[in-house]
Amino acid sequence: MFGLEPHVLLLLGVCLLAACAFEFVNGFHDTANAVATVIYTNTLRPWVAVVWSAFWNFIGVFAGGIGVAMGIVYLLPVESLVDQNVYHGIAMVGALIVAAIIWNVGTWYYGLPSSSSHALIGSILGVGIAFSLLPGSKGAAVNWSKAGETGLALITSPVLGFTFTIGMMFLLKRFVKSKAIFKEPHKRKPPPLWIRLLLVVTCTLVSFFHGSNDGQKGVGLIMLILIGIVPTFYALDQSKNPLDLRESLTKIEFVMGRVNQAELSPADQKLLAEVNAQTASLDRVFAGKTDVAQLPQNARFEIRRAILLAANRAKSLLGSDKVSLSTQDRATYDGAIKEMKTFTDYAPWWVLLVVSLSLACGTMIGWQRIVTTIGERIGKEHLNYAQGASSELVAAAMIGASTAFGLASSTTHVLSSAIAGSMVANRGIKNLNPQMVRNIALAWVLTVPVTMVLSGALFLLFRAVLG
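Computed from a predicted model, the values in this text were never measured in an experiment.

Trainee: Looking at this structure, I do not really get the packing of aromatic side chains. What am I missing?
Mentor: Remark: the centre distance and the inter-plane angle together describe each pair of aromatic rings, the angle taken between the planes. Throughout the structure, instances matching the rule amount to nine aromatic pairs. Note on Phe 58 and Phe 62: the rings are 5.5 Å apart at their centroids and 45 degrees apart in plane angle, and the pair reads as tilted. Residue Phe 58 and its partner Phe 62 are both found in helix H3 (residues 46-63); the two are separated by four residues, about one turn of the helix. Taking the relative accessible area as the measure of exposure, Phe 62 reaches 39% and is therefore partly exposed. Aromatic pair Phe 208 and Phe 209: ring centres 5.2 Å apart, planes at 75 degrees, arrangement edge-to-face.

Rendered as structure tokens:
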């Protein structure tokens, strides 16, 4: 299978199982946030809530697209994704998965709502930095531009969640006449029907958008595994004919030919030369080919490499103020690159299925610890109906917006911050439990640096062992 040696195939299977384990842990670690409010307000029985949440997580993975998944893949620069040494790929994905799982399980054990997103991203960055320390490595091994976008989204989301929930609570107090929504839930009785429906809807939305965002991170993780270990087979979307790339390639060459080299700085001239070198390599691959069967399997890898490198360099080049192109030329280039990236930015249907099942199964197991923290320990009072509904509504909206823009979002951070905001809106800052808030904040602050160090150390160890 895939033309791999048996022991490499075994390692591939282990890596895929580890990725499923990460999503499984993500399910019971993160999705507990979605069910906490409906459980603690007696809106749904615990087993009903977790099954319902699991179902909508499953649906969300298939509906979320792959924008966030590719954001995870491209945290590492394209050069590190085109290394055909399968042992290097195994060292890379093994280190980042093990580091993320260790942190997730540890914080879950202590009942801390730590972010699986931060753990995964920290692990990827740690591997990239460790790669740059290896002898013979060239340049930066982290796509800092993409990392900056992801980091900004993850940092701002808790602040916005906290702020928007305070605003939502203010609106509820101002315009909702019924006071039942602001009362502490009865220990045995469910809430009034309209409140119950509202809480079920918000739980559903958080679960769905969690699947569409966090599920994509699992998809991106598995694609990293497949690209790293089986690059020739998963280099391009198998459902597409690579020869169809020639039309887009011609358009890119046309636009690059209209760039006035004399106006460019030496750095930009080098970028233009690199773009032209990659398009020329694609021309050589396609030369004389009339049928896809004429393309050898390793040619797919070469095509992927050329597309990624050309797109990366051309993006930097066209961002220069020295490049004078018409709006039409830029539109032609953008359309051609977008078409070419459909061959490289994809995920097989079975990857979506595996991730969605892992996430759904994890949701139904081990949720109690985090639910207790969310429902009882962030604030000094029991979560009421208004707090639960406003927190989840804000969290769902923010996670959904992040997914639409292809940005990673932390369900844990957004919802925990929203819960804290609802507590402050009710009785002020003194309504927060300072000890628990400190513990959660400490876990948030430590997640990225700890997973970076852990994954980096594991990567160097695995590289030394595997060669």
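Read on for the rest.
Trainee: Hey, could you run me through the layout of surface pockets in this one?
Mentor: Where empty space is left can be seen by rolling a probe of water-molecule size over the atoms. By volume, the largest pocket is sized at about 510 Å³. In terms of lining, the largest pocket is formed by 21 residues, of which the most central are Tyr 74, Asn 143, Lys 146, Lys 315 and Lys 341. Looking at the lining of the largest pocket, the elements that each hand over two or more residues are helix H4 (67-73), helix H7 (144-175), helix H12 (297-318) and helix H13 (327-344). Here the lining of the largest pocket takes five residues from H12, the largest share from any one element. Looking at side-chain class alone, the lining of the largest pocket contains 10 nonpolar, seven polar and four charged residues. Each of two domains, domain 1 (8-233 + 350-466) and domain 2 (242-343), supplies a minimum of three residues to the lining of the largest pocket.

Trainee: It is not clear to me how the environment of Leu 432 should be interpreted in this structure. Could you clarify?
Mentor: Within the secondary structure, Leu 432 sits in the loop between helix H17 (411-427) and helix H18 (434-466). Accessibility expressed as a relative area gives 13% for Leu 432, which makes it buried. Separated by 12 residues in the primary sequence, Leu 432 and Ala 420 have C-alpha atoms spaced 6.8 Å apart.

Trainee: What is the right way to read a nonpolar patch on the surface from this model?
Mentor: On the surface, a nonpolar cluster with roughly 420 Å² of combined accessible area is contributed by Trp 47, Val 51, Met 364 and Ile 365. Relative to the helices and strands, Trp 47 resides in helix H3.

Trainee: Any chance you could explain the nonpolar core here in plain terms?
Mentor: Most often, soluble globular proteins keep nonpolar side chains buried together rather than apart. Counting 59 residues, the largest nonpolar core has Leu 96, Met 223, Ile 225 and Ile 229 as the members making the most contacts within it. Elements supplying a minimum of two residues to this core: helix H1 (6-30), H4, helix H5 (86-109), helix H6 (116-132), H7, helix H8 (193-229), helix H14 (349-363) and H18. With 12 residues, H5 is the largest single contributor of residues to this core. With residues up to four places along the chain from it excluded, the contact list for Ile 225 reads Leu 12, Cys 15, Leu 16, Ala 19, Val 93, Ile 97 and Val 230.

Trainee: So what exactly am I meant to see when it comes to the environment of Arg 196 here?
Mentor: Note that Arg 196 resides in helix H8. Judged by relative accessible area, Arg 196 falls into the partly exposed class, the value being 32%. In the structure, Arg 196 is positioned 154 residues away from Asn 42 in sequence and 8.7 Å away in space, judged by C-alpha atoms. Those residues in contact with Arg 196 that sit more than four places away from it in its chain are Thr 43, Pro 190 and Pro 191. Among the polar contacts made by the side chain of Arg 196, one reaches the main-chain carbonyl oxygen of Thr 43 at a distance of 2.8 Å.

Parameters and conventions
- Residues numbered from 1 in each chain as written.
- Predicted model: local features only at pLDDT ≥ 70, side-chain atom pairs only at ≥ 80, totals over all residues.
- Heavy atoms only, no water.
- Phe/Tyr/Trp six-rings, centres within 6.5 Å; stacked < 30°, edge-to-face > 60°.
- Helix = DSSP H or I, 4+ residues; strand = E, 2+ residues; numbered from the N terminus.
- Buried < 20%, exposed > 50% of the residue type's maximum accessible area, 1.4 Å probe, protein only.
- 1 Å grid on protein atoms, 1.4 Å probe; cavity = no way out; pocket = protein on both sides within 12 Å on 5 of 7 lines; lining within 4 Å.
- Points joined across faces, edges and corners; volume = space filled by probe spheres on them.
- Nonpolar A, V, L, I, M, F, W, Y, C, P; charged D, E, K, R; others polar.
- Domains from an automatic or database assignment.
- Patch = residues over 30% accessible without salt bridge, like charges linked within 9 Å, V, L, I, M, F, W, Y side chains within 5 Å.
- Areas by Shrake-Rupley, 256 points an atom, 1.4 Å probe, with all protein chains shown as cover.
- Salt bridge = Lys/Arg side-chain N within 4 Å of Asp/Glu carboxyl O.
- Core = buried A, V, L, I, M, F, W, Y, C linked by side-chain atoms within 4.5 Å.
- Contact = heavy atoms within 4.5 Å.
- Polar contact = N/O pair within 3.5 Å; in protein donor to acceptor, adjacent residues only side chain to side chain.

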